[in-house]
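Summary of the model geometry
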There are 2 protein chains.
Amino acid sequence: MPNLRPILLVIGILLTTLGVAMMLPAMIDISMENPDWQVFAIAGLLTLFVGLSLWLANRGFKGDLTLQQAFLLTTLSWLALVTFAAIPFAFAPGIALSYTDAFFESMSGLTTTGSTVITGLDNAPPGILAWRAILQWLGGVGIIVMAIAVLPMLKVGGMQIFRLESSDTSEKILPRAQQIVGSILALYVTLTAICAAAYWSFGMPGAHALAHAMTTIATGGYSTSDASLGNWARPAIQYTAVVFMLLSSLPFALYLQALGGKPSLLIRDHQVRGFFMAIALLVGALILHQVLTGVDTGESAFRAAVFNGVSVMTGTGYATTNYDAWGGFAVTLFFFAMFIGGCAGSTSCGIKIFRFQVIEAAARTHVRRMVHPHGMFTARYNRRTVPLDVISSVMSFFFLFMALFALMAITLSLMGLDTITALSSAATALANVGPGLGDTVGPTGSFATLPDGAKWVLSAGMLLGRLELFTVLVLFLPSFWRQ
Amino acid sequence: MPNLRPILLVIGILLTTLGVAMMLPAMIDISMENPDWQVFAIAGLLTLFVGLSLWLANRGFKGDLTLQQAFLLTTLSWLALVTFAAIPFAFAPGIALSYTDAFFESMSGLTTTGSTVITGLDNAPPGILAWRAILQWLGGVGIIVMAIAVLPMLKVGGMQIFRLESSDTSEKILPRAQQIVGSILALYVTLTAICAAAYWSFGMPGAHALAHAMTTIATGGYSTSDASLGNWARPAIQYTAVVFMLLSSLPFALYLQALGGKPSLLIRDHQVRGFFMAIALLVGALILHQVLTGVDTGESAFRAAVFNGVSVMTGTGYATTNYDAWGGFAVTLFFFAMFIGGCAGSTSCGIKIFRFQVIEAAARTHVRRMVHPHGMFTARYNRRTVPLDVISSVMSFFFLFMALFALMAITLSLMGLDTITALSSAATALANVGPGLGDTVGPTGSFATLPDGAKWVLSAGMLLGRLELFTVLVLFLPSFWRQ
């Protein structure tokens, strides 16, 4: 059994932050004279109390985490945050979800997935709407810090490739996290502020503009309206969302390097280029289809294709139209686009662009070796040779993603979901997208009607997807505990 | 450009065999006084003429194929056979399909897929029914020879792992093929005869018994009735099919070794054990589901689960019941089972058991390395260490299979197919299973109503799947032609 003290210390700090964050919806509810404020205040104090206790009881820890501690910390901290963040959803009188629903909504929020069990958002209490936005926003920044500071050290699913990229060769997880969290947070706040200002300047009321900016930058997709961003018909608002969903799907570390005087790194980055190529292909196909089938024409067709294509592939999950009604081609395309996702080190999820690029490079090498058995070929990514262990990690990730997808879809169908609902729910949870496909969980549907068991399966899927599968699964390995 | 002479020589020999084979349905039609005999006779003579011309014009070749020639030969010979074998389907007055349909039916036959565009089989002319069975039977033996003698030398998708297994370390493709073709054929004929005798002894008329035995051993699935094996209600007939579908999904090379005095190799084989475990899991889940949901009970539920589960996973594609109506769980399960397939070196197709085992071993190693970065771990398969190039080949195959599946499904949906039809048609073609899912191409449907474009896409998919993807795709690599 590893020493739990540093783990409890970090969880204490995180819970303290969450407790403080809960005061925000409490204050909003007080200012709107909504009785929910009491629940937020009590839940916040409880979270603060637990957080501070853990923090103080374990303070004074110096040094760094062992690998084992880092794995445990990652999964446990996420679980602790989700559990406490669910309290307001379960007890606020304005919403009062079952604990299953509250946990699902909280998990979907913190993992920036955006699947929701709440309908009637347009009339939902302001504190609850704020809390949903805050959860996604906090989840988003947490993921970026984790992807830059923690996962490359854990060599999860090929993320070690990004260790080569930074000039910092430190192996220390905690010092590195502390070092970057400030600049990442500053950048994240700035982006959110610009996005909110843009929404607001195009006519969205201030509170809604801020809430949507927070879930846009997190590529989360929680909205303050059942009609999602479709509630605001002005094209400029939707184009604003497109721009910021794309910006939030790029590697944040490259932004920092660009601001530090190396903008060429961002522009020349293999992953960034691949991401924009994939987006162009998807959106291009959707536009062509819209025009050719006559679903829509002109700017409106262009906007519907760009907005919904970008929303699904970045894993944001806003919807302006019911793309489920666009016919078999669009539905099939959206189904596969869900798996792709954005760049590693951003707030978006899915399999991620760099993994497809590494696998493609490896497959290309395999074919060359088949044809020229005596030639020497190595897979390359971002102008560097890809080490064999990275290829094997990436491919293991891809396979595990598919295996978990199949297992989840089969389990969900066993619980009575029809095939399209089961397949798309499993995909949307694992890839942290948000809406699924079909009448039940599609862009106009909700996850509320699913059986409780399915909601727990999907919650587990969201956590697995967000933590890059392996981070959670190693904990079930007996040899993990035998160190 | 490589020397085409040895390629044309082998294609000549194969076409000559096909031409001779066409005389069989001709004779059957003559004996039944069916006018189709003329088309079979003319097509057979044409094929014989082309085949013998190529054979004689290029005879005298000694030695072996280069790698480049072997790749070209594999794809070209399959295409030539399919093209000529389609002639009777297109011109026999008793059936007279369009050339698209004829090519599709011929491709589905020779690749042992079993998807069909023909309805009204129960009243179809005898020569056509015989020709369909003959095509699958020939395709089946062709695949076994190819999998043992050719693909391991070409290192296609990790098949090189089976080169280690045989005591013969010869790198020569043609001599090795000539050496094993006799014993494989003898075994194949014997198995077919036993299977036919079993069908016949349980009450199936002689001709039908033989036709079904030929498509059972080929795990092809063409039947002489629209109701498939459901037309013969006797349980013993269906259990016979189960036994021989299973036997035909095991590595034929191990049968030869077992007959040569080493039965333990067959019993201890990693792939064989994995295959039976996968079958047990699938069938067990189906039985449980049948019983729990009350679809069926007792022996009848057991038989329906065993028969249809084995039929789909081995890629045979017979159906006794419309399992599409069993509900979301069964449909989802069948969808994923299609991808799995049987053992390499058998007549079954799909991704194949050994690939899942290699990937699982590699993923396990990856996880161990994550947890114990300083430990030494190697992936093992069949009590041997798996070389890194095999892992990379296998994973490249898995990824390419999924990428082609997505590309095909998207293309099919663009042609107007609904999502479930598009997804399941793409899977059933690539994995050479036969029926898809849903109303159109499900177990009670037919591929006849699909648009022509979709039939060509699916034909290409069947060829790609049967030749293990890479064998075909290398031909599109510019560097392949620059040797």
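Quick caveat: nothing in here was measured; it's all calculated off a predicted structure.

What to know about the overall build of chain A
- When helices and strands are counted, chain A shows 20 helices and two strands.
- For chain A, whose C-alpha radius of gyration is 22 Å, the value lies close to the compact-globule estimate of 23 Å for 483 residues.
- Taken along its principal axes, the extent of the C-alpha atoms in chain A is 75 × 65 × 50 Å.
- When burial is assessed residue by residue, chain A has 63% of its 483 residues classed as buried.

Considering the interface of chain B and chain A
- Across the contact, 48 residues belong to chain B and 48 residues belong to chain A.
- Approximately 4400 Å² of surface area, both sides summed, lies buried where chain B meets chain A, with 80% of it carried by carbon and sulfur atoms.
- If you sort the residues of chain B by the area they bury against chain A, B:His366, B:Met370 and B:Phe399 come out on top, with a joint share of 15%.
- Inspection of the chain B/chain A interface yields zero salt bridges.
- On inspection of chain B and its partner chain A, the count reaches four residue pairs in polar contact (both at pLDDT 80 or more).
- Listed by contribution, the elements that provide at least two residues to the side of chain B that touches chain A are α3 (67–85), α14 (328–340), α15 (353–371), α16 (388–414) and α17 (419–430) of chain B.

A closer look at the environment of B:Met408
Residues and elements named next belong to chain B.
- Mapping Met-408 onto the fold places it in helix α16.
- The exposure class of Met-408 is buried, given its relative accessible area of 7%.
- Remark: the alpha-carbon pair of Met-408 and Ala-363, spanning 45 residues in sequence, is separated by 28 Å.
- Beyond its immediate stretch of four places on either side in the chain, Met-408 contacts Ala-426, Ala-429, Leu-430, Val-457, Leu-458 and Gly-461.

A look at the domain arrangement of chain A
- Split by domain assignment, chain A resolves into domain 1 (1–68), domain 2 (69–257) and domain 3 (377–481).
- Put simply, the middle of domain 1 of chain A and the middle of domain 3 of chain A, counted by C-alpha atoms, are 29 Å apart.

Some details on the packing of aromatic side chains
- For the structure shown, the criterion picks out 53 aromatic pairs over all chains.
- On the numbers, 5.2 Å between centres and 70° between planes, the contact of A:Phe399 with B:Phe398 is edge-to-face. Of this pair, A:Phe399 sits in helix α16 (residues 388–414) while B:Phe398 sits in helix α16, which puts the two residues in different chains.
- With 6.3 Å between their ring centres and 55° between their planes, B:Tyr188 and B:Phe252 make a pair best called tilted. One end of the pair, B:Tyr188, is in helix α7 (residues 173–201); the other, B:Phe252, is in helix α10 (residues 252–259), with 64 residues separating them in the sequence. Here B:Tyr188 and B:Phe252 have matching classes, each one buried.
- Members of the aromatic cluster, connected to one another through ring pairs, are A:Phe335, A:Phe336, A:Phe339, A:Phe397, A:Phe401, A:Phe405, B:Phe335, B:Phe336, B:Phe339, B:Phe397, B:Phe401 and B:Phe405.
- Over the ring of A:Tyr222 we find A:Arg132; its NZ or CZ atom is 3.8 Å from the centre of that ring.

A look at the state of the cysteines
- Under the definition given, this model contains zero disulfides over all chains.
- The closest cysteine sulfur to the non-disulfide-bonded A:Cys349 is located on A:Cys343, 13 Å from its own sulfur.

Topic: unusual backbone geometry
- With phi around 55°, A:Asn382 is a residue other than glycine that occupies positive phi space.
- Along the chain, A:Asn382 falls in the loop between β1 (380–381) and β2 (384–385).
- Looking at A:Asn382, the relative accessible area reads 13%, which means it is buried.
- The backbone of B:Glu33 sits at a positive phi, close to 55°, despite the residue not being glycine.
- The topology assignment puts B:Glu33 in the loop between α1 (5–31) and α2 (37–57).
- You can call B:Glu33 exposed: its relative accessible area is 72%.

Describing the side chain of A:Thr112
- In this structure, A:Thr112 sits in the loop between α5 (99–110) and α6 (126–154).
- What A:Thr112 contacts, discounting residues up to four positions off in sequence, is A:Gln136, A:Gly139, A:Gly140, A:Ile143, A:Ala218, A:Thr219, A:Gly220, A:Gly315, A:Thr347, A:Asn432 and A:Arg466.

Observations regarding the relation of the copies chain B and chain A
- Here chain B sits on chain A after a turn of 180° about the axis and a move of 0.0 Å along it, with an RMSD of 0.0 Å. This pairing of chains is accounted for by a two-fold axis. No C-alpha of chain B approaches the rotation axis more nearly than that of B:Met395, which lies at 3.2 Å.
- The overlap is high: 100% of the interface residues of chain B also sit at the interface in chain A, so the same surface is used on both sides.

Description of the environment of A:Phe61
- Note on placement: A:Phe61 falls in the loop between α2 (37–57) and α3 (67–85).
- Between the C-alpha atoms of A:Phe61 and A:Arg5, which are 56 residues apart in sequence, the distance is 7.8 Å.

Remarks on the pattern of salt bridges
- This structure, assessed with the given rule, holds 12 salt bridges over all chains.
- One salt bridge in this structure joins B:Glu299 and B:Arg303, with 2.8 Å as the shortest N-O distance. Here B:Glu299 and its partner B:Arg303 are both found in helix α13 (residues 298–313), four residues apart, which amounts to about one turn of the helix.
- Taking the relative accessible area as the measure of exposure, B:Arg303 reaches 14% and is therefore buried.
- Residues joined in a network through salt bridges with shared partners are A:Lys352, A:Arg355 and A:Glu468.

Thoughts on the nonpolar core
- Counting residues in each nonpolar core, the largest one holds 360 residues, and the members touching the most others are A:Trp131, A:Tyr199, A:Phe335, B:Trp131, B:Tyr199 and B:Phe335.
- Excluding anything up to four places from it in sequence, B:Tyr199 contacts B:Met204, B:Ala209, B:His212, B:Ala213, B:Thr216, B:Leu229, B:Ile237, B:Thr240, B:Ala241 and B:Tyr318.

Structural notes on a nonpolar patch on the surface
- Taken together, the side chains of A:Met1, A:Leu4, A:Leu8 and A:Trp481 define a hydrophobic patch exposed on the protein surface, amounting to about 380 Å² of accessible area.
- Relative to the assigned elements, A:Met1 resides in the segment before α1 (5–31).

A few points about helix α17 (residues 419–430) of chain A
- Along its 12 residues, α17(A) runs 17 Å from first to last C-alpha, staying within 8% of the 16 Å computed at 1.5 Å per residue.
- Most of α17(A) sits out of view: 12 of its 12 residues are buried.
- Taken together, the buried residues of α17(A) touch α14 (328–340), α16, α18 (438–441) and α19 (452–466) of chain A together with α14 and α17 of chain B.
- Where α17(A) begins, one side-chain oxygen reaches toward the backbone nitrogen of A:Ile420, 3.3 Å away; that side chain belongs to A:Asp418.
- Phi for A:Asn432, located one or two positions after α17(A), is positive at around 55°.

Quick look at the environment of A:Ile391
All names here are of chain A.
- Within the element layout of this structure, Ile-391 appears in helix α16.
- Along the backbone, Ile-391 and Phe-334 are 57 residues apart, and their C-alpha atoms lie at a distance of 27 Å.
- Discounting residues that sit within four places of it in the chain, Ile-391 has contacts with Val-358, Ala-362, Ala-379 and Val-386.

Some words on α2(A)
Residues and elements named next belong to chain A.
- Here α2 is 21 residues long and its end C-alpha atoms lie 30 Å apart, about the 30 Å a rise of 1.5 Å per residue gives.
- Residues of α2 that are buried: Val-39, Phe-40, Ala-41, Ala-43, Gly-44, Thr-47, Leu-48 and Gly-51.
- Contact partners of the buried residues in α2: α1, α3, α4 (87–91) and α6.

Some words on the packing of α14(A) against α16(B)
- The contact between α14(A) and α16(B) brings their axes to 7 Å, and the two run at 160°. Looking at the two axes, α14(A) sits roughly antiparallel to α16(B). The interaxial crossing formed by α14(A) with α16(B) has left-handed handedness. Every residue of α16(B) that contacts α14(A) at A:Gly328, A:Phe329, A:Thr332, A:Leu333 and A:Phe336 is listed here: B:Phe405, B:Ala406, B:Ala409, B:Ile410, B:Ser413 and B:Leu414.
- Residues that form the contact of α14(A) with α16(B) fall into these classes: eight nonpolar, three polar and no charged.

A word on the packing of α16(A) against α19(A)
Residues and elements named next belong to chain A.
- Packing of α16 against α19 brings their axes to within 10 Å, and their N-to-C directions diverge by 170°. The angle between α16 and α19 places the two elements in the roughly antiparallel class. Taking contact as the criterion, the partners of Leu-404, Met-408, Thr-411 and Leu-412 in α16 are, on α19, Ala-454, Val-457, Leu-458, Gly-461 and Leu-464.
- Here the contact of α16 with α19 is built from residues that sort into seven nonpolar, two polar and no charged.

Points about the confidence of the model for chain A
- Mean pLDDT over chain A stands at 91; residues scoring 70 or higher make up 98%.
- Taken over the whole predicted complex, pTM reads 0.94, whereas the ipTM for its chain interfaces reads 0.92.

Rules used throughout
- Residues numbered from 1 in each chain as written.
- Chains lettered and ligands numbered in written order.
- Predicted model: local features only at pLDDT ≥ 70, side-chain atom pairs only at ≥ 80, totals over all residues.
- Heavy atoms only, no water.
- Helix = DSSP H or I, 4+ residues; strand = E, 2+ residues; numbered from the N terminus.
- Rg over C-alpha atoms; globule rule 2.2 N^0.38 Å.
- Buried < 20%, exposed > 50% of the residue type's maximum accessible area, 1.4 Å probe, protein only.
- Contact = heavy atoms within 4.5 Å.
- Buried area = accessible area lost by both parts, 1.4 Å probe.
- Salt bridge = Lys/Arg side-chain N within 4 Å of Asp/Glu carboxyl O.
- Polar contact = N/O pair within 3.5 Å; in protein donor to acceptor, adjacent residues only side chain to side chain.
- Domains from an automatic or database assignment.
- Phe/Tyr/Trp six-rings, centres within 6.5 Å; stacked < 30°, edge-to-face > 60°.
- Lys NZ or Arg CZ within 6 Å of the ring centre and 35° of its normal.
- Disulfide = S-S within 2.5 Å.
- Least-squares fit on C-alpha atoms with pLDDT ≥ 70 in both.
- Core = buried A, V, L, I, M, F, W, Y, C linked by side-chain atoms within 4.5 Å.
- Patch = residues over 30% accessible without salt bridge, like charges linked within 9 Å, V, L, I, M, F, W, Y side chains within 5 Å.
- Areas by Shrake-Rupley, 256 points an atom, 1.4 Å probe, with all protein chains shown as cover.
- Expected span 1.5 Å × (residues − 1).
- Axes fitted to C-alpha atoms, helices over the stretch in contact; angles between N-to-C directions.
- Parallel < 35°, antiparallel > 145°, perpendicular 65-115°, else oblique.
- Left-handed = near helix turned anticlockwise from the far one by under 90°.
- Nonpolar A, V, L, I, M, F, W, Y, C, P; charged D, E, K, R; others polar.
- pLDDT = per-residue confidence, 0-100.

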